[in-house]
Amino acid sequence: MKRAYHDILLPDGTLQKGPIVVETDKFGRIINWHKLEKEEPFTEWIGGTYKAT
């Protein structure tokens, strides 16, 4: 599942400004994240800050 957020807070406390796309597996674990450069199909916009654990 791909969701887009304004920012991502990484486990080390670093705030990465976005917009950011976070891709997760079916259990909600992060597979990948990257900056949103253009519109991406099948990406749900959530907004706010994603807190990575």
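Residues numbered from 1 in each chain as written. Predicted model: local features only at pLDDT ≥ 70, side-chain atom pairs only at ≥ 80, totals over all residues. Heavy atoms only, no water.

**Q** How should the nonpolar core be read in this particular structure?
**A** Buried together is how nonpolar side chains tend to be arranged in soluble globular proteins. Counting seven residues, the largest nonpolar core consists of Y5, I8, L10, I20, V22, Y50 and A52. Contributing elements (two or more residues each) for this core: strand 1 (2-9) and strand 2 (15-24). Beyond its immediate stretch of four places on either side in the chain, I8 contacts T14, L15, Q16, I20, V22, W33, T49, Y50 and A52. (Core = buried A, V, L, I, M, F, W, Y, C linked by side-chain atoms within 4.5 Å. Buried < 20%, exposed > 50% of the residue type's maximum accessible area, 1.4 Å probe, protein only. Helix = DSSP H or I, 4+ residues; strand = E, 2+ residues; numbered from the N terminus. Contact = heavy atoms within 4.5 Å.)

**Q** How should I be thinking about the confidence of the model for the protein chain in this particular structure?
**A** Atom-level detail of predicted coordinates should not be read off regions where pLDDT is low. On average, residues of the protein chain score 96 in pLDDT, and 100% of them reach the 70 mark or higher. Here strand 3 (residues 30-35) stands out as the element of the protein chain with the lowest mean pLDDT, 96, in contrast to strand 1, whose mean of 98 is the highest. (pLDDT = per-residue confidence, 0-100.)

**Q** Help me understand unusual backbone geometry in this model?
**A** For residues other than glycine, phi is negative in most cases, and the peptide bonds are mostly trans. The omega torsion of the bond from G18 to P19 falls at 20°, within 30 degrees of zero and hence cis. Its place among the elements puts P19 in strand 2. In this structure, F42 is a non-glycine residue whose phi angle is positive, near 60°. Of note, F42 is situated in the loop between strand 3 and strand 4 (43-45).

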